[in-house]
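Descriptive structure summary
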Number of protein chains: 4
Amino acid sequence: MEVKEIELKGHIIDSFILPRVFDIIMDNGGEFEVLQFSIGKHKTDPSYARILVKAGDRETLDLILGELHKIGARVPEIEELKLVEAPKDGAAPRGFYSTTNHPTYVYLSGEWIQVEKIEMDCCIVVDVKNKKAVCKPIRDLQKGELVVVGKSGVRVEPPERPREYSIFEFMRSKVSPEKPTRALIRRIAEEMVRIKRKKKKIAFVCGPAVIHTGASDALAELIRMGFVDVLFAGNALAVHDIELQLFGTSLGMDVKKVIPTEGGHRNHLYAINEVLLAGSIENMIRDGKLKGGIMYECIKRNVPFVLAGSIRDDGPLPEVITDVVEAQRAMRRHLEGVELVVMLATMLHSIAVGNLLPSNVKTVCVDINPATVIKLTDRGTAQALGIVSDVGVFLPMLTEELKKLRA
Amino acid sequence: MEVKEIELKGHIIDSFILPRVFDIIMDNGGEFEVLQFSIGKHKTDPSYARILVKAGDRETLDLILGELHKIGARVPEIEELKLVEAPKDGAAPRGFYSTTNHPTYVYLSGEWIQVEKIEMDCCIVVDVKNKKAVCKPIRDLQKGELVVVGKSGVRVEPPERPREYSIFEFMRSKVSPEKPTRALIRRIAEEMVRIKRKKKKIAFVCGPAVIHTGASDALAELIRMGFVDVLFAGNALAVHDIELQLFGTSLGMDVKKVIPTEGGHRNHLYAINEVLLAGSIENMIRDGKLKGGIMYECIKRNVPFVLAGSIRDDGPLPEVITDVVEAQRAMRRHLEGVELVVMLATMLHSIAVGNLLPSNVKTVCVDINPATVIKLTDRGTAQALGIVSDVGVFLPMLTEELKKLRA
Amino acid sequence: MEVKEIELKGHIIDSFILPRVFDIIMDNGGEFEVLQFSIGKHKTDPSYARILVKAGDRETLDLILGELHKIGARVPEIEELKLVEAPKDGAAPRGFYSTTNHPTYVYLSGEWIQVEKIEMDCCIVVDVKNKKAVCKPIRDLQKGELVVVGKSGVRVEPPERPREYSIFEFMRSKVSPEKPTRALIRRIAEEMVRIKRKKKKIAFVCGPAVIHTGASDALAELIRMGFVDVLFAGNALAVHDIELQLFGTSLGMDVKKVIPTEGGHRNHLYAINEVLLAGSIENMIRDGKLKGGIMYECIKRNVPFVLAGSIRDDGPLPEVITDVVEAQRAMRRHLEGVELVVMLATMLHSIAVGNLLPSNVKTVCVDINPATVIKLTDRGTAQALGIVSDVGVFLPMLTEELKKLRA
Amino acid sequence: MEVKEIELKGHIIDSFILPRVFDIIMDNGGEFEVLQFSIGKHKTDPSYARILVKAGDRETLDLILGELHKIGARVPEIEELKLVEAPKDGAAPRGFYSTTNHPTYVYLSGEWIQVEKIEMDCCIVVDVKNKKAVCKPIRDLQKGELVVVGKSGVRVEPPERPREYSIFEFMRSKVSPEKPTRALIRRIAEEMVRIKRKKKKIAFVCGPAVIHTGASDALAELIRMGFVDVLFAGNALAVHDIELQLFGTSLGMDVKKVIPTEGGHRNHLYAINEVLLAGSIENMIRDGKLKGGIMYECIKRNVPFVLAGSIRDDGPLPEVITDVVEAQRAMRRHLEGVELVVMLATMLHSIAVGNLLPSNVKTVCVDINPATVIKLTDRGTAQALGIVSDVGVFLPMLTEELKKLRA
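Below you will find a few notes about this structure. (Residues numbered from 1 in each chain as written. Chains lettered and ligands numbered in written order. Predicted model: local features only at pLDDT ≥ 70, side-chain atom pairs only at ≥ 80, totals over all residues. Heavy atoms only, no water.)

Let's shift gears to helix 2 (residues 58-70) of chain C. What sets the pattern is the α-helix's 3.6 residues per turn: residues three or four places apart point alike. All names here are of chain C. Between its terminal C-alpha atoms helix 2 stretches 18 Å, which fits the 18 Å expected from 13 residues at 1.5 Å a residue. Where helix 2 is concerned, the buried positions are Leu61, Ile64, Leu65, Gly66, Glu67, Leu68 and His69. Of the surrounding elements, those touching the buried residues of helix 2 are strand 1 (2-10), helix 1 (17-27), strand 3 (47-55) and strand 10 (154-156). For helix 2, the side-chain oxygen to backbone nitrogen distance between the N-cap and Glu59 is 3.2 Å, and the N-cap itself is Asp57. Trailing helix 2 by a residue or two, Gly72 shows a phi angle of about 105°, which is positive. (Helix = DSSP H or I, 4+ residues; strand = E, 2+ residues; numbered from the N terminus. Expected span 1.5 Å × (residues − 1). Buried < 20%, exposed > 50% of the residue type's maximum accessible area, 1.4 Å probe, protein only. Contact = heavy atoms within 4.5 Å. Polar contact = N/O pair within 3.5 Å; in protein donor to acceptor, adjacent residues only side chain to side chain.)

Below, the structure written as structure tokens:
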């Protein structure tokens, strides 16, 4: 029987950490002995647990300890950090420590140093001289960089459950189309106003359904009102936005009269070509050819945007970053300082953005497809709100609520 | 080779009748020869076709002819109507004519008589003496009634495609969540105003998600405005409507504050019990215990409703018709004169109502689940509009649009 | 500040009881003080907690205590059971205790008596003389019966998390279409064999998609193999089963050749009529007119079935219970002794059956629609397994696996 | 009133061309006069129509004619082809002809030349000297290339409905989860065998759910059996395939034992790193580190594959084409000669591939999500089969059927 002692601190019961500790041990066939436990007496008091984990063999014990580590368990004695050089550019040493999206610390020369730019499924690179640790995707490693291997000397602090009721679910997903949509929209609007008051950033991730379902004006209005600090989207959103401005159609559908002017199908190609002729969306605006819409508002108001390419793109537009690794890097840059991400009707871009978020960012995901909402909130950050709804009505209502709050 | 001559009249090309004739013949391995064809020269002119249908054997020919009959094909010579007595109560003679939902005529004593109360999947009962024909479900047949057998002497008139563009799809379903929802809502509102101006009836079929998603006030308002001529729903809609009035919750969720006052879960049982104690919803209103909501508005404004029972009901309420065959009868009674049916977030009740509709009634189906929308518009009447959206935002927006049109 | 002391026992951490206790208190704005806590040292040891719950007012405290009660919290002192007579037939006294689906006990004359036939959303009727307590739906109450009011003197024992890993989720729903379907099927088959070895019962709840997707033979085979102890379904399943036997079609689709012999659409009506002419399905078998299929196997092998009516039924068949309250009663009767319920491709019947189950029954729910699977596993019993899959391939594979296990 | 004469030839009634002609004219507010019409007398005879199209203004007439052109209408007189030079690299002249995916011809020096590599939403570039016309995406145009502008001198030949019943829907999508899955699988298997006998190519487009749902072995087997001529997928499919081979897990789930060895979550990162260390998948195989699975079989059997990058990729693997425009080009190259495309559980890659297909390629699309299936079959080629099912059971059954057919 292999054994190891671990300890846990904080709101480990109501933040579902202790129950998950027991779950992980039992699901993997391990045993445990609680050596010490003191419970937080009041709702703001932390608890503390010291537990002996047991398993039939070393491999199982390691598996269990690896999982426990991810949710904040640590060994009471201070363990040494193990660093190994990256063997080549774009590859990590075997057994490298793969990050979670929680605040993470490494023990370096007697101090706990916080890992910068934390993001899940990456490596930790340590600059011993300058006492710095930074999170890096495997592909960005350079030969010789010191990479953390194993989990010793690494500490993770999973987020704690808020002390009060919130519309954001804490680390659990309950997706149901049967929620009071309008009331939720009001609450989201309040949250957005709160964040902007704190001078923090809100990111929007949008699929082209925002245009197809007729919510384009509402999003443009949100940008004008200052609620969009950065926009993540793909080629299609920009194309249909410009198509709508130039021809009044979205993928050939007249979104005002609801007539499928099928002739309009080529309109999206003509819209692309106009941008290609002008050289960029910005040039079109400068030439007075594009006078409104989502991209127009972004450019006019200096709201940064990342248009990430995908293999289903027509064109694509010059602004689209066609290399996906480059696109990820651009997304990373713009996510710093973001406190709320609103994901609207796109699984691809929402998952991509979600993968880059630290666990303390709040997310709202709205999609007509419950499977998409489940997937996004499951992989999401610690506080996610999933809404199965229609962006074509959700977004105009959100804009209205924000106007009321502003008034 | 077995052969039979058929003829077709009307807008048989653009109403997709002639292409379907060819489809049916070819899919079933038959052959055809077009004996005569004159095409409508202008968009309002009818066409005419006389076609020789051929098949390798009698059985295949009959199968093909049966299908062609349903879409309006008839034999040029007048065929005799065959009537056989119902052998017992609630059962039809073998080979009985099973109805479509299109206007149908039987040839009786040298005259074409229209079948009353037409509805699909029923029998036709003929009263020879009074020269009347009426559509009846098998279970309602009485021993000795004369039932039409085979298709000779029966004529069907499938609906024709409207001459102008309409938001309602003609006999085809194109379900997509990527439609401009707000613009469609405006068009539906216009259609509703048009129907009410003609003094025709609008029916609503509603599931409990109307309450859960917070659209209860909007529906109550529509009833007050006179846009609901009859309401079809189940026990759950009424229970949660009353729960919301009595306790402010819907299935235990506070729909204003969006707090899951789980304690509220029992609220729906307490709501049921209050009605049971009072004896009926009407009594509760009389006693001043129920002062608003959907059921309140229906009763106050004499809007008839049918609450049809289902096996998942709690209670159920005294107004619920627990026998499903009785409930179908009640639904039939209230559908007379209805020109538009709006189906909101319920597959069970919508299919049940849809089954009873003649093909010339327009239907709008709104559901968050595309599969439900497809199913309903596929089985639907000739002019159906399917919208994949969230009733929690759809219904308030529809009410707003109607108010604007009224103003 | 209102206060009340409660206590909890058992595997309250890993069974998610203690975290939910804290959740409920904090979500509702209450405070707590942990007076005493001893943790189970090993994975089979129970824990114990004594907690002081505090709230700003009596109403909030009561709400919190009501919720805590449902998950097993009890007051340390023994409280007196309150009994009030039912004021009339089919109605309960105000404030009646509404049941959970967990094992429940009432304190009667110094003893804890287990409530019989426990089922959620019902009342508890007490026979003081015979020291018996039984669970009853409100509508079944008779005037004068003694009904439990409030929660004092009532104790609930929520199920505990199994000590080992299981494919059944414990009180949580993780619905994903991305599960290894075949491997899960193997595990379900093993569970079914295990249950039959213990001479316990397995119930199947089936929608008509079982027939439409071509899985009819597989279900018939399961019945022959003895894995179906009771079948819950609706009119449509039986109708299409008989249609398939008589005409080789299911709703007019030739399920072998996959040709939509549209002529076949009336086949389901003719199938209904044959049963109506014979008087019952059993008579058809006796007369040699029905020679195989699901209903045939049930009747031949004395497997009880409940065909519950719904408002979308054609016919319905004579065996269908058209009164939904009667149908619920029949379902209740046949659920006694069932340890596993397999729900296939029907939301209506699955929810109806799920509502009647005590929390210790295991359920497997298979549906192509993730929303249905979520809904069923969310409302489900303590151990539910949701699979987003296609019954048309799931059921044949399950049958194959069971054959392998038998061999 | 503006007028223009058009003509149509072929199976224009049963291929839904003539009805759509009338639809388009009427939906857009036009009028028509049928000048001449001769109908195909037998099912293999072509029909012929000459129609005068009328509209209130030039713009509407042009819109109508543009739509009619796309479905094969042509003007009786021969019109001159208009060619304009591409004004710059990667941009087309205004008013360029945007292609359909149907066989297309241009009238050049008195001859109808077929456009090579036809694909929708592109331009036609004409090499006057060599009398060649080729389809090109806008972005691939070079300054000075002669691009077709307007539709005069261009002729489109939409595909005709097959004369016999087929499981593939002709230009219509009827998506239903209630199809007999096993029987359809048999028919697909037969179609695959037929295509391979003709020495034609079958392409597979696969999402990672193929691995997650446990169908990996089945796909590997299909490759070994020679039924996969080219594989289109993304980074995730390859990563999880290799993860499964190295660690027995797929995204951390043990797909055999169905145990979520959460520790395994990092396995997918370790799998990526192994490939990065080796330098390529091929190197891993050469080094004996990868001994089975989908990628292994592809490489061993020289089955070409395109792994197209997306912004949600971890890694990505060295074989992944990270530039989406490059990836599209690679996909185009490998689609030549393909007669059937099987799309499994991926919307992104399936739409991307679908966009590149000429209309005469058959497609089978299998997905658990009906919305995906609808989207794919709607945009699809002329003969598409959509199946709402679970690849985890679909693919093993398909492999089994193919083995039976081979035996």
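A few words now on the pattern of salt bridges. According to the stated counting rule, one finds 128 salt bridges over all chains in the structure shown. Of the charged contacts, one joins Arg58(D) and Asp62(D) as a salt bridge, the two residues approaching to 3.4 Å between their closest N and O atoms. Of this pair, Arg58(D) and Asp62(D) both sit in helix 2 (residues 58-70), 4 residues apart, which is roughly one turn of the helix. Arg58(D) gets classed as partly exposed once you look at its relative accessible area, which sits at 41%. Using a relative accessible area of 33% as the deciding quantity, one classes Asp62(D) as partly exposed. A single salt-bridge network, built from bridges that share partners, covers Glu221(A), Arg224(A), Glu297(A), Arg301(A) and Lys403(A). (Salt bridge = Lys/Arg side-chain N within 4 Å of Asp/Glu carboxyl O.)

Quick look at the interface of chain B and chain D now. Opposite the 34 residues of chain B that make contact, chain D presents 34 residues. Buried surface at the junction of chain B and chain D, summed over both partners, amounts to about 3300 Å²; 58% is from carbon and sulfur atoms. For the interface between chain B and chain D, the tally reads 6 salt bridges. A salt bridge links Asp23(B) to Arg161(D); the shortest N-O distance between them is 2.6 Å. Across the chain B-chain D interface, the total number found is 8 residue pairs in polar contact (both at pLDDT 80 or more). Where the side of chain B that touches chain D is concerned, the elements lending two or more residues are helix 1 (17-27), strand 2 (31-38) and helix 12 (370-378) of chain B. (Buried area = accessible area lost by both parts, 1.4 Å probe.)

So, about the packing of helix 5 (residues 216-224) of chain C against helix 13 (residues 391-406) of chain C. Residues and elements named next belong to chain C. Look at helix 5 against helix 13: their axes get within 8 Å of each other, and the N-to-C directions meet at 35°. Pair helix 5 / helix 13 crosses with left-handed handedness. Packed against helix 5, whose contacting residues are Ala218, Leu219, Glu221 and Leu222, the element helix 13 presents Leu395, Pro396, Leu398, Thr399, Leu402 and Lys403 at the interface. Counted by class, the contact of helix 5 with helix 13 contains 7 nonpolar, 1 polar and 2 charged residues. (Axes fitted to C-alpha atoms, helices over the stretch in contact; angles between N-to-C directions. Left-handed = near helix turned anticlockwise from the far one by under 90°. Nonpolar A, V, L, I, M, F, W, Y, C, P; charged D, E, K, R; others polar.)

Looking now at the interface of chain B and chain C. Many analyses report the size of an interface as the accessible area lost when the parts associate. Counting residues at the interface gives 59 residues for chain B and 59 residues for chain C. Between chain B and chain C, roughly 5200 Å² of surface is buried when both sides are summed, and carbon and sulfur atoms account for 55% of that area. Looking only at chain B, the three residues that lose the most surface to chain C are Arg139(B), Ile311(B) and Arg312(B), adding up to 16% of its buried area. Linking chain B with chain C are 2 salt bridges, by the criterion used here. Between Arg94(C) and Glu274(B) there is a salt bridge whose closest N-O contact spans 2.5 Å. If you look at where chain B meets chain C, you find 20 residue pairs in polar contact (both at pLDDT 80 or more). Contributions of two or more residues to the side of chain B that touches chain C are made by helix 2 (58-70), helix 7 (267-278), helix 10 (324-335) and helix 11 (347-355) of chain B. Here the side of chain B that touches chain C gets 8 residues from one element, more than from any other, and that element is helix 7 of chain B. For the side of chain B that touches chain C, a count of residues per class yields 26 nonpolar, 17 polar and 16 charged.

Here we take up the sheet that holds strand 10 of chain C. Residues and elements named next belong to chain C. The 7 strands lie next to each other as 4-9-7-8-6-5-10, forming an open sheet whose pairing is mixed. Every other strand in the sheet has two partners, leaving strand 4 (83-85) and strand 10 as the edge strands with one partner each. Here the strands of the sheet are splayed against their neighbours by 35° on average, with no regard to which way each runs. Inspection of the sheet shows strand 5 (residues 104-108) paired to strand 6 (residues 111-116) by 4 bridges, in the antiparallel sense. Following the sheet pairing, Tyr107 is matched in strand 6 by Trp112. (Pairing = 2+ DSSP bridges.)

Turning our attention to the environment of Val154(C). Residues and elements named next belong to chain C. For Val154, the location among the structural elements is in strand 10. Here the alpha-carbon distance between Val154 and Asn369, two residues 215 residues apart in the chain, equals 39 Å. With residues near it in sequence (within four places) discarded, Val154 still touches His69, Leu81, Tyr97, Thr104, Tyr105, Val106, Trp112, Ile124 and Val148.

This next bit is on the relation of the copies chain B and chain C. Expressed as a screw operation, the relation of chain B to chain C combines 0.0 Å of axial shift with a rotation of 180°, fitting to an RMSD of 0.0 Å. Expressed as an axis order, the relation between the two copies is that of a two-fold axis. No C-alpha of chain B approaches the rotation axis more nearly than that of Asp323(B), which lies at 2.1 Å. Take the interface residues of chain B: 100% of them recur as interface residues in chain C, which is what a same-surface contact looks like. (Least-squares fit on C-alpha atoms with pLDDT ≥ 70 in both.)

Let us now look at the environment of Phe32(B). Here Phe32(B) is to be found in strand 2. Through-space distance from the C-alpha of Phe32(B) to that of Glu5(B) is 9.5 Å; in sequence the pair is 27 residues apart. Among all residues touching Phe32(B), those that are not within four sequence positions of it are Phe22(B), Ile25(B), Met26(B), Ile51(B), Leu52(B), Gly40(D), Lys41(D), His42(D) and Lys43(D).

This part takes up unusual backbone geometry. Geometrically, the link from Gly315(B) to Pro316(B) is a cis peptide bond, its omega value of -15° lying close to zero. By the element assignment, Pro316(B) lies in the loop between strand 16 (305-308) and helix 10. The phi torsion at Lys117(C) lies on the positive side, around 50°, for a residue other than glycine. Structurally, Lys117(C) can be placed in the loop between strand 6 and strand 7 (123-127). Given the relative accessible area of 57%, Lys117(C) is considered exposed. The phi dihedral of Asp121(C) falls on the positive side, at around 60°, and the residue is not glycine. Its location among the elements puts Asp121(C) in the loop between strand 6 and strand 7.

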